[in-house]
Amino acid sequence: SGFKGRNFSNESALGHFLKLVENGTIEKGSVLVIENMDRLSRQSILPCLGKFSEIISQGVAVGIISQNKILDENSITKNPMELMLVLVEFARANNESETKSKRLKSVIQAKIEQVK
């Protein structure tokens, strides 16, 4: 779950990738390709920003298919607005997941009440 951060656990593919980045197996100049920013994480903004920063500060860029762009330290330094757009996307994804979570909990609670 990207909403609860389990996608960064050691058991997940992304968590394993991050370990390989950390230990240098994934070389600087590599690109982590994701469909959309919400595929990286759906946690709140600060944990998302932390992981994003961790990745690019180790020399690995993030390619976002839906936006047809590759973000790295250089591109963000040249155009800081790119980082603002990343933050907005993280906030949107988190809000969307939180809303879905609340709806699901509400439906489950209604079913429990119905059974009672």
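That block above? That's the structure.
Structure report, in brief.

Quick notes on the rules
- Residues numbered from 1 in each chain as written.
- Predicted model: local features only at pLDDT ≥ 70, side-chain atom pairs only at ≥ 80, totals over all residues.
- Heavy atoms only, no water.
- Helix = DSSP H or I, 4+ residues; strand = E, 2+ residues; numbered from the N terminus.
- Rg over C-alpha atoms; globule rule 2.2 N^0.38 Å.
- Buried < 20%, exposed > 50% of the residue type's maximum accessible area, 1.4 Å probe, protein only.
- Pairing = 2+ DSSP bridges.
- Axes fitted to C-alpha atoms, helices over the stretch in contact; angles between N-to-C directions.
- Contact = heavy atoms within 4.5 Å.

### Quick look at the overall build of the protein
Then, in step 1: The helix and strand inventory of the protein stands at 4 helices and 3 strands.
Then, in step 2: When the helices and strands of the protein are placed in sequence order, the string is α-β-α-β-β-α-α.
Then, in step 3: By the compact-globule yardstick of 13 Å for 116 residues, the protein is too spread out, its C-alpha radius of gyration being 17 Å.
Then, in step 4: In the protein, which comprises 116 residues, the share counted as buried stands at 33%.

### Here's the deal with the sheet that holds strand S3 (residues 69–71)
Neighbouring strands of a sheet are bound in pairs by backbone hydrogen bonds; such pairs are parallel or else antiparallel.
Then, in step 1: An order of S1-S2-S3 is seen for the 3 strands of this open sheet, with the pairing classed as mixed. Edge positions in the sheet fall to strand S1 (31–34) and S3, since each of these pairs with one other strand and no more. The mean angle between the axes of side-by-side strands here comes to 25 degrees, regardless of whether they run parallel or antiparallel.
Then, in step 2: Bridge analysis of strand S2 (residues 61–64) against S3 gives 3 bridges, and the strand direction is antiparallel. Considered in S3, the bridge of Ile64 is made with Lys69.
Then, in step 3: Contacts from helix H2 (residues 45–57) reach S1, S2 and S3, with the element oriented near 115 degrees to S2.

Note that every value here comes from positions in space, so none of it alone points to a role or purpose.
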